[in-house]
Amino acid sequence: MNRGSRIIGYGTALPERVITNHDLAQTLDTSDTWITERTGIKERRIGSTTRALAIEAAQGALDMAGVDAGDLDSVVLATTTPDRVIPATAGSVQTALGASCGAFDLNAACSGFVYGLNVAHGLILAGAEHVLLIGSETLSRFVDWEDRATAVLFGDGAGAVVLSATDGSGNALLGWALDCKGSLEKSLHCDFGGFIYMEGREVFRQAVRIMVDTCERALAAANLTTGDIDLVVPHQANARIIRSACEKLRISEDRTVQVLGWTGNTSSASIPLALADAAGNGRLATDDVVLLVGFGAGMTSASALLRWEL
Ligand code: COA
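Taken together, 23 residues sit near the ligand, with Thr-30, Arg-38, Arg-148, Arg-201 and Asn-238 positioned nearest. At 2.4 Å from an oxygen atom of the ligand is found a side-chain nitrogen or oxygen belonging to Arg-201. Between the ligand and Asn-238 there is a distance of 2.7 Å, counted from an oxygen atom to a side-chain nitrogen or oxygen. Taken atom by atom, the bulk of the ligand overlaps the second largest pocket. Breaking the shell around the ligand down by element, the ones donating at least two residues are α2 (32-39), α6 (148-151), α7 (200-222), α8 (239-249) and β12 (289-296). In terms of residues, the shell around the ligand owes the most to one element, α7, which gives four residues. Grouping the constituent residues of the shell around the ligand by class yields 11 nonpolar, seven polar and five charged.

Below is the structure:
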C-alpha cells in the first residue's frame, strides 16, 4: 500500500515579552546596527515555559487539523531546553492536551524539528494515524545575559504540526537527510548549571557547510534539483548564514522564509514558526515543494523535502 504522511495543521506560540536590540544595548556593549548587520535579528520574544509554549502551539495545530487529542498516536516534542531533566516535557504536554498515547522528547538542538519530522513520518509508516510534532524552546533560561556574543542571538517560542497518514494518495515526504558531526560538539554547548557557550565564527563556517551538504543529500534522495524547490524554510539562526548557503546552492534568497528578525534563534521552534508564517501569509500553495533545513549544536543537521498538501 502507498502509505505516507502529510501535514494537516500547524500552530505557533510566542511569549509576550519583547526584547529589542535597543533594550540589549542598554546593558551590553553592543548596538542595534551591529546586531542587525551581523545577524538580521531586530528583536526576540522571551519568557514562559517550554511546556506552556508547546501546549499553545499544539492546540492550534490540532484545531486547524480538526484532530481530537484523543486520536493522537504519538506526541514528539523536539526541544533542547526541557523544563526538567526527568521526566520528558512531552508527557506533561500530552496530559494537558488530553491525549493518551506515546510521548517523548527529542533533542537534536536546532535540527530537532526536522529530525522529529522524519521520526514522525517513520511512526506513520509503522502504522500510526496521527502524530503531533512540536518544537518548543525557552533558550532564554540558558543565555548569559551579560555575554554579548550569545545574548543577542536567542529567543523563546514554539511551533507544532499534526502529521497524518495518507493511504493510497501519495506521500508528502519526498526526500530527507540526517547527520551529526559529534567531533564538533565543543563549538556550541551548554553544561548542567551553565550557560550557552559558542565559538561564533567556527559555528558560522560549519553551519553554511553542513546546511549545503544536507540540502544536496535530500535533493539527491528525492531525485530533485534546486530548481524544483518553491520555498526554503531554513533554521532561523542568522540571515548571513541563510544568504551564504543559498548562494552556494544557487537558490534565490527571495525563495526563503525569514522570521528571525522578530523571533531571534528559537532552535527547534524556528522552522515550524517560519513554516507557519509562510503558510499563513499565502506563500505556500498546494503541491509546492518545500525544503526544510536545520543545523545546530552537535553539530547536527537535517533536511526534508515536502510536497505541501494543505
Ligand atoms: N555587539 C558588538 N560587537 C560584538 C558582539 C555584539 N553583540 N559580539 C561580538 N562582537 C565583537 C567581537 O568581540 C569582535 O570584536 P574584535 O574584532 O574587537 O575582536 C567583533 O565583534 C567581530 O566578532 P566575530 O565573532 O568575528 O563576528 P561575526 O561577524 O562572526 O559575528 C556572530 C558574530 C555570533 C553573529 C556570528 O559568528 C554568528 O552568527 N555565528 C553563528 C552563530 C549561530 O548561528 N549559532 C547558532 C547555530 S544553531
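Moving on, we get to the sheet that holds strand β6 (residues 130-138). An order of β1-β7-β6-β4-β5 is seen for the five strands of this open sheet, with the pairing classed as mixed. The two strands at the open ends of the sheet, each matched to only one other strand, are β1 (3-13) and β5 (102-106). With strand direction ignored, the average angle separating the axes of adjacent strands in the sheet is 20°. Examined bridge by bridge, β1 and strand β7 (residues 156-167) share 10 bridges and lie antiparallel to one another. Across the sheet, Ser-5 pairs through a bridge with Ala-165, a residue of β7. Packing against the sheet, helix α4 (residues 89-97) makes contact with β4 (74-78), β5 and β6, and its axis sits at approximately 140° to β5. Packing against the sheet, helix α10 (residues 270-280) makes contact with β1 and β7, and its axis sits at approximately 90° to β1.

For the rest of this paragraph, the subject is empty space enclosed by the protein. One pass over the full model with this rule turns up one cavity of 30 Å³ or more. Taken as a whole, the largest cavity spans an internal volume of roughly 80 Å³. Lining the largest cavity are 13 residues; nearest its centre among them are Ser-5, Arg-6, Ile-7, Ala-172 and Leu-306. Contributions of two or more residues to the lining of the largest cavity are made by β1, α5 (112-125) and β13 (300-307). The element contributing the most residues to the lining of the largest cavity is β1, with three residues. Across the lining of the largest cavity, the residue classes tally to eight nonpolar, two polar and three charged.

The end-to-end C-alpha distance of α5 is 20 Å, a good match for the 20 Å that 14 residues give at a rise of 1.5 Å each. Burial analysis of α5 places 10 of its 14 residues in the buried class, the great majority of the element. Turning to α5, its buried residues number three or more, namely Gly-112, Phe-113, Val-114, Tyr-115, Gly-116, Leu-117, Asn-118, Ala-120, His-121 and Ile-124. Downstream of α5 by one or two residues, Gly-127 has phi in the positive range, about 130°.

Time to look at the packing of α7 against α8. Between α7 and α8, the shortest axis-to-axis distance is 9 Å and the interhelical angle comes to 45°. Judged by the angle between their axes, α7 and α8 are oblique. Crossing geometry of α7 relative to α8 is assigned as right-handed. For the pair formed by α7 and α8, the contact residues are Phe-204, Ala-207, Val-208, Met-211, Val-212, Cys-215 and Glu-216 on the first element and Arg-240, Ile-241, Ile-242, Ser-244, Ala-245, Lys-248 and Leu-249 on the second. Residue classes in the contact of α7 with α8 are distributed as 10 nonpolar, one polar and three charged.

Rules used throughout
Each chain carries its own residue numbering, running from 1 in the written order of its sequence. pLDDT decides what is reported in this predicted model: residues at 70 or higher carry local features, side-chain atom pairs at 80 or more are listed and counted, and totals for whole chains, interfaces and linings draw on all residues regardless. As a rule here, side-chain values cover all heavy atoms of the structure and leave hydrogens and water aside. Here a residue is considered near a molecule or strand provided that any single heavy atom belonging to it is located within 4 Å of it. Two N or O atoms count as a polar contact when they lie within 3.5 Å, although within protein this holds only if one can serve as hydrogen donor and the other as acceptor, and sequence-adjacent residues are included solely when both atoms are side-chain atoms. In the cavity and pocket records, a cavity denotes points on a 1 Å grid over the protein atoms alone where a 1.4 Å probe fits but cannot get out, a pocket denotes an open set with protein on both sides within 12 Å along at least 5 of 7 lines, and lining residues are residues with an atom within 4 Å of a point. Put plainly, a molecule is in a cavity or pocket when over half of its atoms are within 2 Å of the grid points there. Only DSSP runs of H or I reaching four residues or more are called helices, and only runs of E reaching two or more are called strands; each is numbered from the N terminus. Polarity classes work like this: nonpolar for Ala, Val, Leu, Ile, Met, Phe, Trp, Tyr, Cys and Pro, charged for Asp, Glu, Lys and Arg, and polar for all others, with Gly in that last group. Each pair of strands is called paired provided DSSP finds at least two bridges between the two strands. A fitted line through C-alpha atoms represents every axis, and for helices the fit uses only the stretch in contact; the resulting angles, taken between N-to-C directions, go from 0 to 180 degrees. Residue contacts are defined here by distance: any two heavy atoms, one from each residue, within 4.5 Å place the two residues in contact. Grid points are joined across faces, edges and corners, and a volume is the space filled by probe spheres set on the points. The span one expects for a helix is its residue count, reduced by one, times 1.5 Å. Under the scheme applied here, a residue whose accessible area is under 20% of the maximum for its type counts as buried, over 50% as exposed, and between as partly exposed, the area being computed with a 1.4 Å probe on protein chains only. Any angle that falls under 35 degrees is termed roughly parallel, while one over 145 is termed roughly antiparallel, one within 65 to 115 roughly perpendicular, and all others oblique. Left-handed is the label given to a crossing in which the near helix is rotated counterclockwise from the far helix by less than a right angle, and right-handed is the label when the rotation is clockwise.

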